[in-house]
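Take a look at the letters that make up each chain.
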Amino acid sequence: MTCFPFLFSKKAGSPKRRVTDIGEGIQNVRFYTYKELRIATEDFSDSNKIGEGGFGSVYKGHLKDGKFAAIKVLSVESRQGMREFLTEINVISEIEHENLVKLYGCCVEENHRILVYNYLENNSLAKTLLGRRHSKSHFDWRARSRICIGVACGLAFLHEAVRPHIIHRDIKASNILLDKDLTPKISDFGLAKLIPANMTHVSTRVAGTIGYLAPEYAVGGQLTRKADVYSFGVLLVEIVSGMFNTNTRLSIGEQYLLERAWELYEQKELVGLVDESLNEEFDADEACRFLKIGLLCTQDYPKLRPSMSTVVKMLTGQMDVDDCKVKPGVISDFMDLKLLRKARPI
Ligand SMILES: Nc1ncnc2c1ncn2[C@@H]1O[C@H](COP(=O)(O)OP(=O)(O)OP(=O)(O)O)[C@@H](O)[C@H]1O
């Protein structure tokens with residue numbers, strides 16, 4: 001299996017308009033007018049609003065070429081200068097991969113900073129597989145295994161094929177969107193770089209995101225690709241177990257999924273963590289291998305975590321999975337620390 005089917009294809013023949021007064025070097029971006037997007041979203045009507053994230057609101061829109069789009073209106077705090085914004089957009093627009101959400105283009109009129117993405121029909125993993133109100137019936141073991149491998153491929157591509165490489169910084173279930181065939185697409189990659197450096201995006205997030213953060217990144221601000229590997233490990237355990245990484249409704253010892261996974265691993269009972277809703281219809285060896293890879297990815301010391309291309313090989317059975325030597329980052333202690341940090345503005 002190869003994760004790198006196409007590199008930076010220039011989209012020959014795709015309609016693009018240059019905004020002439022913005023400067024040189026912005027060739028890859030399709031620009032939309034504000035009016036065009038207003039029409040596509042029926043004046044950004046509530047009925048077309050499909051989500052609200054840390055960066056702003058998202059609307060479903062019907063573009064005049066007939067395509068549906070997810071139109072993300074960046075909030076005032078997350079706007080940066082036009083030049084820097086376009087430089088980053090130019091980079092993101094060039095990146096294409098089956099497991100990454102496609103950026104169609106943007107709108108930069110006056111104060112507006114709007115991103116236009118390919119619309120994905122099946123929402124996010126957070127709302128479907130892990131959301132309490134949805135049925136999990138579509139997510140049989142085969143679908144889950146494809147999703148895990150797809151996300152790993154998308155991330156390996158960002159880390160290893162894109163130059164300079166991109167660290168996502170916010171891999172989590174709500175950033176994994178699903179198309180009509182349940183093919184996973186990573187969203188929001190490159191977005192961290194669109195946000196002014198003084199806006200501490202992560203610190204403004206709800207506690208739910210915190211469980212995905214690698215300890216060295218959350219506590220020391222040390223950001224490497226291995227921080228994404230940690231978050232991917234958490235996501236992997238969530239997909240196999242069908243549970244969010246933190247559940248404060250459970251008793252203290254059971255609140256943190258990774259701690260539970262580690263305990264079961266030590267007792268050689270990892271299979272007990274596999275989602276009960278699969279009704280025992282799953283490949284137990286594969287499911288346990290995936291959980292073990294999740295534990296490897298979340299080891300405390302970043303150097304012990306595998307690279308994403310190694311993760312792909314382990315998931316697909318091309319490479320054996322080493323035993324985990326150390327426990328994953330101590331999630332509960334670290335959560336307390338992070339919550340303290342949130343209480344004092346940083
Ligand atoms: N390309 C898309 N296709 C379909 N729905 C989308 C798309 N992009 C976003 N959405 C919907 O909009 C919601 C909000 O997305 P957004 O990425 O802004 O925030 P989030 O990931 O939920 O939170 P955060 O900003 O904290 O990462 C998503 O959960 C999803 O339901």
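In the block above lies the structure referred to throughout.
Quantities reported herein were computed from a predicted structural model and do not represent experimental measurements.

Rules behind the numbers
Within each chain, residue numbers correspond to sequence positions counted from 1 in written order. Reporting of local features is limited, given that this is a predicted model, to residues whose pLDDT is at least 70; pairs of side-chain atoms are given and counted only at 80 or more, and all residues count toward the totals for whole chains, interfaces and linings. With hydrogens and water set aside, each side-chain value is computed from the structure's full complement of heavy atoms. Classification of ring pairs rests on two measures: the distance between centres of Phe, Tyr or Trp rings, Trp counted by its six-membered ring, which must be within 6.5 Å, and the angle between planes, read as stacked under 30 degrees, edge-to-face over 60 and tilted in between. In this analysis the charged atom, NZ for Lys or CZ for Arg, is taken to sit over a ring once it is within 6 Å of the ring centre and within 35 degrees of the ring normal. Secondary structure elements are taken from DSSP: a helix is a run of H or I of four residues or more, a strand is a run of E of two residues or more, and numbering for both begins at the N terminus. The span expected for a helix works out to 1.5 Å for each residue beyond the first. Relative accessibility under 20% of the residue-type maximum defines a buried residue, over 50% an exposed one, and the middle range a partly exposed one, all with a 1.4 Å probe and only protein chains included. Here a polar contact is taken to be a pair of N or O atoms separated by no more than 3.5 Å, where protein atoms must pair a possible hydrogen donor with a possible acceptor and residues adjacent in sequence count only if both atoms sit in side chains. Contacts between residues were defined by any pair of non-hydrogen atoms, one from each residue, lying within 4.5 Å. Strand pairing is defined by DSSP finding a minimum of two bridges between the two strands. As a rule, the C-alpha atoms of each element are fitted with a line to give its axis, helices using only the stretch in contact, and angles between N-to-C directions run from 0 to 180 degrees. The rule for a salt bridge is simple: a side-chain nitrogen of Lys or Arg has to be within 4 Å of a carboxyl oxygen of Asp or Glu.

Considering the packing of aromatic side chains
Working step 1: Scanning all chains against the criterion turns up 4 aromatic pairs.
Working step 2: Here the aromatic residues Tyr 34, Phe 44 and Tyr 59 are joined through ring pairs into a cluster of three or more.
Working step 3: The ring of Tyr 104 carries Lys 67 above its face, with NZ or CZ at 4.5 Å from the centroid.

Describing helix H8 (residues 284-297)
Working step 1: Here H8 contains 14 residues, and its C-alpha end-to-end distance of 20 Å stays within 8% of the 20 Å for a straight helix at 1.5 Å per residue.
Working step 2: In terms of burial, H8 is largely enclosed, as 10 of its 14 residues are buried.
Working step 3: Regarding H8, its N-cap is Asp 283, as a side-chain oxygen of that residue lies 3.2 Å from the backbone nitrogen of Asp 285 further along.

Let's talk about the environment of Val 237
Working step 1: Structurally, the position occupied by Val 237 is in helix H6 (residues 225-241).
Working step 2: C-alpha separation for the pair Val 237 and Leu 258, spaced 21 residues apart in sequence, amounts to 7.6 Å.
Working step 3: Ignoring any residue separated from it by four or fewer positions in sequence, one finds Val 237 in contact with Leu 257, Leu 258, Ala 261, Leu 273, Leu 291 and Gly 294.

Re the side chain of Arg 305
Working step 1: Secondary-structure assignment places Arg 305 in the loop between H8 and helix H9 (308-315).
Working step 2: The contacts of Arg 305, once residues within four sequence positions are left out, are Ala 214, Pro 215, Glu 216, Lys 226, Ala 227, Val 229, Tyr 230, Leu 296, Cys 297, Thr 298, Gln 299 and Asp 300.

Observations concerning the sheet that holds strand E1 (residues 30-31)
Working step 1: A sheet is described by the order of its strands in space; here 6 strands give the open sequence E1-E5-E6-E4-E3-E2, paired in mixed fashion. Only two strands of the sheet have a single partner each, and these edge strands are E1 and strand E2 (49-53).
Working step 2: Against the sheet, helix H2 (residues 82-94) engages E1, strand E4 (68-74), strand E5 (103-107) and strand E6 (114-118), with an angle of about 165 degrees to E5.

What to know about the pattern of salt bridges
Working step 1: What the rule picks out here adds up to 11 salt bridges.
Working step 2: Across the pair Lys 64 and Glu 36 runs a salt bridge, and its minimum N-O distance is 3.7 Å. In this pair, Lys 64 is assigned in the loop between strand E3 (56-62) and E4 and Glu 36 in helix H1 (residues 34-40), connecting sequence segments 28 residues apart.
Working step 3: A relative accessible area of 71% means that Lys 64 is categorised as exposed.
Working step 4: Across the pair Lys 67 and Asp 65 runs a salt bridge, and its minimum N-O distance is 3.9 Å.

Focus: unusual backbone geometry
Working step 1: Note that the residue after Arg 163, namely Pro 164, is joined by a cis bond; omega there is -10 degrees.
Working step 2: As for its position among the elements, Pro 164 is in the loop between helix H3 (141-161) and strand E7 (176-178).
Working step 3: Residue Asn 123 is not a glycine yet carries a positive backbone phi of 60 degrees.
Working step 4: Along the chain, Asn 123 turns up in the loop between E6 and H3.

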